[in-house]
Amino acid sequence: MIRLNLTATPQWLDLAPGLRLLVGPLTTALMVSARADPAIDDLPDGAPQEEMALAMAKSVARRAVLDWEGVGDDAGNIIPVSQEGIDALLEIWPVFETFQTQYVARGLLLDAEKNASAPLPTGPSAGATGTARPAHPARAAGASAPIAPQD
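The rules we used
- Residues numbered from 1 in each chain as written.
- Predicted model: local features only at pLDDT ≥ 70, side-chain atom pairs only at ≥ 80, totals over all residues.
- Heavy atoms only, no water.
- Phe/Tyr/Trp six-rings, centres within 6.5 Å; stacked < 30°, edge-to-face > 60°.
- Helix = DSSP H or I, 4+ residues; strand = E, 2+ residues; numbered from the N terminus.
- Buried < 20%, exposed > 50% of the residue type's maximum accessible area, 1.4 Å probe, protein only.
- Lys NZ or Arg CZ within 6 Å of the ring centre and 35° of its normal.
- Arc of directions from axis to C-beta.
- Pairing = 2+ DSSP bridges.
- Salt bridge = Lys/Arg side-chain N within 4 Å of Asp/Glu carboxyl O.

Caption draft 1: Structural view of the packing of aromatic side chains. All chains considered together, the criterion is met by 2 aromatic pairs. Judged by centre distance (5.7 Å) and plane angle (40°), the rings of W93 and F96 are tilted. Of this pair, W93 and F96 both sit in helix α5 (residues 93-113), separated by 3 residues, roughly a single helical turn. Accessibility expressed as a relative area gives 9% for F96, which makes it buried. Over the face of the ring belonging to W12 we find R20, whose NZ or CZ atom lies 4.0 Å from the ring centre.

Written as structure tokens, this is what we have:
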């Protein structure tokens, strides 16, 4: 079941103890914009999947993150949200991994779900309708079928 958030309000996403991000909803417009990011287009052909995932996560985060708590500079001073700060934050492996699974992957999983058929309850042919007529009892027992006359 798909649960719709009709309010489309930003939500806090806890990434680590003391670190959380206020993110907007993961909308179609956000994902389309992220996919069109020049950083994605500038990746070399054949770039490793990990590099593409990081570039996509950064692109999504730059569009989605509205505020944050628990992010500071080297001296411990709280810093405002910036594109450079978001990119630096996602270079921290546990932060990237949590953002990827809690925010980006939810949207991608939903995208993947809509592109597949739902599994049938008892196997691949459970809902199938037969198109062939039942076999003749004599033929089913091993008798050969009559041969059509040749001209």
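We are not done yet, so read on.
Caption draft 2: Representation of helix α1 (residues 28-35) in the model. Three or more residues of α1 are buried, namely L30, M31 and A34. Down the axis of α1, the buried side of the element spans an arc of 95°, and every buried residue falls inside it. Turned more than 90 degrees away from the buried face of α1 sit T28, A29 and V32, all of them exposed.

Caption draft 3: Structural detail: the pairing of strand β1 (residues 11-16). Pairing of β1 with strand β2 (residues 19-23), which is carried by 5 bridges, proceeds in the antiparallel orientation. Its bridge partner being in β2, A16 is matched across the sheet by L19. If you look at the hairpin formed by β1 and β2, you'll find 2 residues sitting between the two strands, and G18 has a positive phi there, around 80°.

Caption draft 4: Molecular detail of the pattern of salt bridges. Using the criterion set out here, one finds 5 salt bridges in the structure. In this structure, E91 engages K58 in a salt bridge whose closest nitrogen and oxygen atoms are separated by 2.4 Å. Residue E91 is located in the loop between α4 (83-89) and α5, and its partner K58 is located in helix α3 (residues 49-64); the two are separated by 33 residues in the primary sequence. Classification of K58 by relative accessible area gives buried; the value is 13%. Ionic pairing is found between D87 and R62, a salt bridge with its closest N-O pair at 2.6 Å.

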